[in-house]
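Geometric and topological summary
Residues per chain are reported as follows:
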Amino acid sequence: MNNPLNQPTPPVTGRRYWRSLDELADTAEFKDWLQREFPAGASELEDGVTRRHFMRIMSASFLLAGVGIMGAGCRRPEAKLEPFGKQPENYTFGEAQYFATAMPTRDGAVPLVAKSYEGRPVKVEGNAEFPGSNGSTDRYAQASILDVYDPDRSKRFKHNGDTVTPEAGLAFLSQLSKAAAANGGQGLAFLTDRSTSPSRRRLQLVISTKFPNAKWFAYEPIDSDIHQRAATQAIRSLIETRTASPVRPVYHFDKAKVIVSLGSDFLGSEDDVHNHIRRYVQGRKPETGAMSRLYVIESLFTLTGAGADHRLRVSPSQMAIRARALYDLLQSPSGAIKTSNGDAVSAWIAECALDLAANKENALVVAGQSQPLEVHLLAHAINSVLGAIGNTVTLHPVPRSEAGTIQQLAESLNAGSVNTLVILGGNPVYNAPADLNWAVTQRKAKTVVRLGYYEDETFAQTDWHFPATHYLESWGDAITSDGTLVPVQPLIQPLFGGLNELEFLARIAGETQTSAHDIVRTTFGGTEAAWKKFLFNGYQPDSATAPVNPSFNGTVPVVPPPLAAANLEVIFYRDAKVDDGRFANNGWMQELPDPVTKITWDNAVLLSRKTARELGVANGDLVEITLNGRTVTGPIWTQPGMADNTLGLALGYGRTAAGRVGKGVGFNAYALFTGSYLATGATLKKTGETYVIATTQHHWSMEGRPIVREANWDEFKKHPKFAEEMHGVEAPIVKSLYPNPLDEAKKTALHQWGMSIDLTACVGCGTCVVACQSENNIPIVGKDQVSRGREMHWMRIDRYYTADPAKETLADSFQKDDEQQFAEWIDDVQAVNQPMLCQ
Amino acid sequence: MSAIFPKWTNWLPLALGAVVAVVGGVVTAGVAAYVTPRHTRVGYEPVQPVPFSHKIHAGQMGLDCRYCHNGVEKSSFANLPGASTCMNCHNQVLKDDPLLAVVRDSAATGKPIAWVQIHKMPDYVYFNHSVHVTRGISCVECHGRIDQMDEVSQAKPLSMSFCLDCHRDPAAYIRPTAQVTHLDWQWSTNAAAADAMQAANGAKMVHDWKVESLQSCSACHR
C-alpha cells in the first residue's frame, strides 16, 4: 500500500529549525542520540546500587517486615485525630487559604498571592488584583517557595561558630545598640543588600539619626541601580538642576511601536521582567493589527535577542560606539540618513535610526543593566530627542539613598576605622569584587555581625550569625517598580525561629517597638480599616508616584574610544536560574534548563562558533580563563548567535558553602569579577581535559514532524490560518483494535480540560516550567540523570535556532569533518520557543 | 549394604508434601478469605477519650451530621468538631458533668482532644468527602447507622472492592441530596417498590447531574 509515511521525505525548502550545531551537522553522536529513546546507561542506575544489590541488602529488612506484620505488627496502630479546641472563623480544614504578599527584589517587588494548606505555604501565584499585573510572576518567585523548606537553611543563632540561645543573640544586639548610643555609632558600619522597603528605610533613618557616625554601604553583585543612577544623572546634567530628586525609569513597552535594546535583556535577566514581558507582549498582538518592532544590539545571545525582529551582534566594547552612532544619526536632519553607504553594521544602524525617527514618541531605547553608564546616558538622550520621555518611558521620583559602595567600605576596613560591621543579607565573601579580597578584608573589622539565610561563605568570616527569615515568613513592605506600596505578609511563623530583618534593625536601633508587624503597621499609618484593606488587596491603590516630566537640553556623554580587541572580551551576566548565586541550593533552579543554552546544573564559558574554531576548542573542553592575573577554569559551550571574540560567564556558580544541592556546581566567575560586567584582555588556555555538561537541548527533536510553525507579519496577513495549513504528511487514521470505552464516555462528559498558549507571546522565560514543578511537586533527578535524558519536568520549552535561508548559498553546505566546519550564515540566528506540555 | 531406614519412610516425603500442601492450602484460603478488610476492619470500635454517643446526639436529638462535621461538604477531609462546637450546647446542658470535663478543658485552653481515628484510608488513596456528599451519596452508605451507635464502630470494610461496587453502579446508591444525612431514609417502605424507584430515579439522577463515578486508577491512586 502506498503508505505516505514511507515515502522519502521531500527536500527541505524554506527556513530550517535546529536545536544545536550537532543536529545541523547531523553528526554521528546526534544520530545515535536520536535512535535510542534513552541513551546508553539510562535504564540502569549506575551509581553502584543495582537492583540485585538492593535486594541483597534489604533482604533482612524484608524478613523483619514480614515478621512484623504477622507477629507484633498485626494490630492496627491507633491513629489520632486532633481537632481545634477553639475553632477559628472562616477556616475549613482541607481547603486552601490565600494571602496576598509580595516578593521583595533588588529594586522593586513582585506582588503575589500565596496559597497555603493548613498553615503551610505551598504555592506562589501572582496577585491578579494588582492593577496591570495580570497575575504575573517570574522564575525566581515561583522557585522561592522551595527555599522556605530548604533543610540547609540557617536555623541557629551562632557566636564564633557555636550555637547560642536566641536570648543570648538578642542580648548581644541590645548591647551593640547601647555601645553605639554611647559613642554616636563611631566605628559602626552597615553593609546591606538593596531593598525598596519603606519600613527598612524608616529604621535606617532612625539609626542614622541616633548614631550619626554610623556608616551605610550597599552592595549587590547584580547592580540594577544603574537604571536609577543613569536616569537621575541624565536629569541632573541635562536640566541644570543638581538637586532634583532621584528618579527611576519605568518602561512602557506596550506603548512603543519601535523598541531598541542596547544590551538590555528585558525579557530575560533584567529585574522586573514579569512586567516587561507582559507589556511587551501587549504591543505585539497580530490579531489586533499592530505589532511593535524590536531591534536588539547585544553581545550575548539572550531571550530578548532571540525574539528580536532585527538583531546586531557586537562585542561588548563596541556597544557604546554603536549607541553613539545611533544618536548621531538621529541628530542629523531627517532624510539625511543613508542606509546604502558603509558596511553592513552601519546600514543596520541607519535602518534602525530611520525607524526610530519615523515613530518619534512611540519609540523606546533601553540600555541593559550590564552596560556602562555612557550607554545608559545615550539611551536617555536618544529617548529625549525622540520625545519618548513621558510616553514610552516615564521617570518616577524615588527616595534618596545615600549608601556608599563596597569599595568605600573596603577602604574603611583597610584603614582600620570599622569596629563593628553589620551585614544584612547578601553574601559578600562569595560575590564581592575579586580585587577587594573580601574574605580577608571583612575580618579587619573587630566584630562582624550578620543576618543571613544560609550558613554560607560569608558565615565563615563572621563572629555573630543571626538566622534570617524568608519573605513568606516575614512581615515587611516593598515598593514595586511603578511606586505602588505592597505588603509582605507572612504565611507561617518562622519555621526555625529566624529573625526578621526589620526586628534586627529595630533592636540595633534600640527601639522599643521590635515586632516586625508593628513596625510595618507604624510605617503604613492609616486607619485599621485601611490597613486591613491593604493586607487583603496586597497593594495600596493610588500610591504609585506620578512621573516627572523634565525637558532635556544638555550635553551627551563622550564615548571613549574602543579598546583594541587583541584579546578576548568578557561579559559577566546574571544567571537565569541562580540569579547572583542566591538560588544555588534550590534544586528546581539548578535543574531548570537555561532558557537559551538549555544547560542544567552548570555554567559554561560561552563563545561563538567562529571564536571557538579560532581558539580550537569544542563543547566540553575545560579551559582556563585568565583576566587581570586571576584565573578560573570552566567548560566551553558554543553559543550560536553570540558576538565573536567574546566570552560569556554566568555569575552565581562555583559556590563552596551553598548547601547539599548547590555545593561545587559550576565554576565561580566571581573570581574574575571586579565590579564591571564588561572586561577586555582575557586569555584562554586549554587544559586538555573535558567535562560533561548536562544539557536538554538534544532531547526530543522534531525529526521532520511539523511541530514548529512560524510565519512573519506579512504571511500572517495573507494566511491567517497558516499554522493549520503547515501540516506535514499526516498519518492515516487507522481504527483501533481495542476501542477504549472511556473514549465513548468522553463525548458526554462534564469537564474537558485544555490549556492553550499564545505562541506569539511566549518568550521562553521558563516561569511556567518552574510553576508546573512547584504545583505538581515534581522531583529533580540530578545532573547525571539529566545527561541521560531523564529529566522529570512535565513540560519543557524547546528552543529552535533558525537562520535566514536567503543567506544560505550552495557552497555553504557544511562539511561533516571532525572539527564541524560550518558556514558563516548560521552565526546570526534567531530562536523560536516552543513550549511542550505534559511530556 | 543393609537398609538404614525402615521401609515405611519411603512414603515420608510424599506424605509430608501432601500434608504441607493441604495445610498450606487451607491457611492460604483462610488468609485470603479472612485477612481482608471485610473481616479485619469491620467492627473496629476503639475506646475514645470522651464517651460521646452519636445515638443520643444524632439519633435521639436529631442533630444533622453537618452541624459538627461542618467541612464535609466543602473539603476533602470530613473534620471533627472543635470543642467549641460542643460547648455551644454544653455550656448550658450538663454543664458541670464530669464526663464532659475533657471537652470543657479543651474549649477553654485550646488543647485538642485526641480522638482515635476509625475510618482511615491508606496514604496511597485519595478520597474527597465533599464530592460524594454533595452528589447524593448518603453518610450511611459508608459509615452505616452511626445514629444508632453509642460508640462508633466501623460498619463497612472501605476496601477497594467496596468503593468499586458503588463506582461501577452509582445509580444503585445515589439519593436526593436533601436526604443525604437522613440515615434511615428509604424510597418507600415496600422493599420491591423501593428497589424499582432506586433503579429508575438513580439512573435519572446520574444522568441529570452528570455523575462521573471515576473508575480509572489515577482517580484515587494519584
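On a predicted model such as this, the values are computed, not experimentally measured, just so you know. (Residues numbered from 1 in each chain as written. Chains lettered and ligands numbered in written order. Predicted model: local features only at pLDDT ≥ 70, side-chain atom pairs only at ≥ 80, totals over all residues. Heavy atoms only, no water.)

Quick word on the overall build of chain A
Each helix and strand in chain A was counted, giving 25 helices and 31 strands. Here chain A, with 839 residues, has 52% of them falling under the buried criterion. Put simply, of all contacts in chain A between residues at least 6 apart along the chain, 74% involve residues at least 24 apart. Accessible area of chain A: about 38200 Å², with a carbon and sulfur share of 54%. (Helix = DSSP H or I, 4+ residues; strand = E, 2+ residues; numbered from the N terminus. Buried < 20%, exposed > 50% of the residue type's maximum accessible area, 1.4 Å probe, protein only. Contact = heavy atoms within 4.5 Å. Areas by Shrake-Rupley, 256 points an atom, 1.4 Å probe, with all protein chains shown as cover.)

A closer look at the pattern of salt bridges
Residues and elements named next belong to chain A. Across all of its chains, the model carries 41 salt bridges over all chains by this definition. Of the charged contacts, one joins Asp 309 and Arg 284 as a salt bridge, the two residues approaching to 2.9 Å between their closest N and O atoms. Of this pair, Asp 309 sits in the loop between helix 9 (303–306) and strand 14 (310–313) while Arg 284 sits in strand 11 (residues 284–285), and the two are 25 residues apart along the sequence. One salt-bridge network, held together by shared partners, links Arg 106, Glu 220, Asp 271, Arg 574, Asp 579, Asp 580 and Arg 582. (Salt bridge = Lys/Arg side-chain N within 4 Å of Asp/Glu carboxyl O.)

Notes on the packing of helix 4 (residues 139–148) of chain A against helix 24 (residues 767–776) of chain A
Packed helix pairs are characterised by how far apart their axes lie and by the angle those axes make with each other. Residue and element names in this part refer to chain A. Two elements in contact, helix 4 and helix 24, have axes separated by 8 Å at closest approach and are oriented at 20°. Between helix 4 and helix 24, the angle falls in the class roughly parallel. Handedness of the crossing formed by helix 4 with helix 24: left-handed. Here Arg 139, Gln 142, Ala 143 and Ile 145 of helix 4 come into contact with helix 24, specifically with Thr 767, Val 770, Ala 771 and Ser 774. Residues belonging to the contact of helix 4 with helix 24 are distributed by class as follows: four nonpolar, three polar and one charged. (Axes fitted to C-alpha atoms, helices over the stretch in contact; angles between N-to-C directions. Parallel < 35°, antiparallel > 145°, perpendicular 65-115°, else oblique. Left-handed = near helix turned anticlockwise from the far one by under 90°. Nonpolar A, V, L, I, M, F, W, Y, C, P; charged D, E, K, R; others polar.)

As for the packing of helix 6 (residues 198–210) of chain A against helix 16 (residues 501–509) of chain A
All names here are of chain A. Relative orientation of the contacting elements helix 6 and helix 16 amounts to 15°, with a least axis distance of 9 Å. Classified by the angle their axes make, helix 6 and helix 16 are roughly parallel. Crossing geometry of helix 6 relative to helix 16 is assigned as left-handed. Contacts between helix 6 and helix 16 involve Ser 199, Arg 200, Leu 203, Val 206, Ile 207 and Lys 210 from the first element and Glu 501, Leu 502, Leu 505, Ala 506, Ile 508 and Ala 509 from the second.

Points about the interface of chain A and chain B
If you look at the interface, chain A gives 19 residues, while chain B gives 32 residues. Here chain A and chain B share an interface that buries about 2100 Å² over both sides, 56% of which is from carbon and sulfur atoms. Where chain A meets chain B, there are zero salt bridges. Applying the counting rule to chain A against chain B returns nine residue pairs in polar contact (both at pLDDT 80 or more). (Buried area = accessible area lost by both parts, 1.4 Å probe. Polar contact = N/O pair within 3.5 Å; in protein donor to acceptor, adjacent residues only side chain to side chain.)

Brief notes about the sheet that holds strand 10 (residues 258–262) of chain A
Residues and elements named next belong to chain A. The strand order 14-13-10-15 describes an open sheet built from four strands, whose pairing is parallel. Single-partner strands in this sheet number two, and they are strand 14 and strand 15 (363–367). Here the strands of the sheet are splayed against their neighbours by 10° on average, with no regard to which way each runs. The pairing of strand 13 (residues 293–298) with strand 14 spans four bridges and is classified as parallel. What sits directly across from Glu 298, in strand 14, is Arg 313. Here helix 12 (residues 373–386) sits on the sheet in contact with strand 10 and strand 15, set at roughly 170° to strand 15. (Pairing = 2+ DSSP bridges.)

Observations concerning helix 9 (residues 160–167) of chain B
Where helix 9 of chain B is concerned, the buried positions are Phe162(B), Leu164(B), Cys166(B) and His167(B). Where the residues of helix 9 of chain B are buried, they touch helix 7 (129–133) and helix 8 (139–143) of chain B.

A word on helix 18 (residues 528–537) of chain A
Residues and elements named next belong to chain A. For helix 18, the full list of buried residues reads Trp 531, Phe 534, Leu 535 and Asn 537. On its buried face, helix 18 sits against strand 2 (97–105), strand 21 (485–488) and helix 17 (516–524). Two residues or fewer past helix 18, Gly 538 is found with a positive phi of approximately 85°.

Notes on a nonpolar patch on the surface
Taken together, the side chains of Val19(B), Val23(B), Val27(B), Val31(B) and Val35(B) define a hydrophobic patch exposed on the protein surface, amounting to about 420 Å² of accessible area. Residue placement: Val19(B) occurs in helix 1 (residues 12–34). (Patch = residues over 30% accessible without salt bridge, like charges linked within 9 Å, V, L, I, M, F, W, Y side chains within 5 Å.)

A few points about the state of the cysteines
Residues and elements named next belong to chain B. Taken as a whole, this structure holds zero disulfides over all chains when the rule is applied. For the unlinked cysteine Cys 163, the closest cysteine sulfur is that of Cys 220, found at 6.7 Å. Take Cys 163: its relative accessible area is 30%, and that puts it in the partly exposed class. (Disulfide = S-S within 2.5 Å.)

Focus on unusual backbone geometry
The backbone phi angle of Asp272(A) is positive, close to 65°, even though this residue is not glycine. In this structure Asp272(A) comes out as buried when scored by relative accessible area, which is 15%.

Let's talk about the nonpolar core
All names here are of chain A. Among the nonpolar cores identified, the biggest contains 47 residues, and Met 103, Leu 112, Val 124, Tyr 471, Leu 472 and Val 486 are the most heavily contacted of them. Contributions of two or more residues to this core are made by strand 2, strand 3 (108–117), helix 4, strand 21, strand 22 (568–574), helix 19 (587–591) and helix 24. Contacts of Leu 112, omitting those with residues within four sequence positions, involve Phe 99, Ala 100, Thr 101, Ala 102, Met 103, Val 124, Glu 125, Gly 126, Asn 127, Thr 137, Ala 141 and Tyr 471. Core analysis: the second largest hydrophobic core is formed by 42 residues, Ala 410, Leu 413, Val 623 and Ile 625 among them. (Core = buried A, V, L, I, M, F, W, Y, C linked by side-chain atoms within 4.5 Å.)

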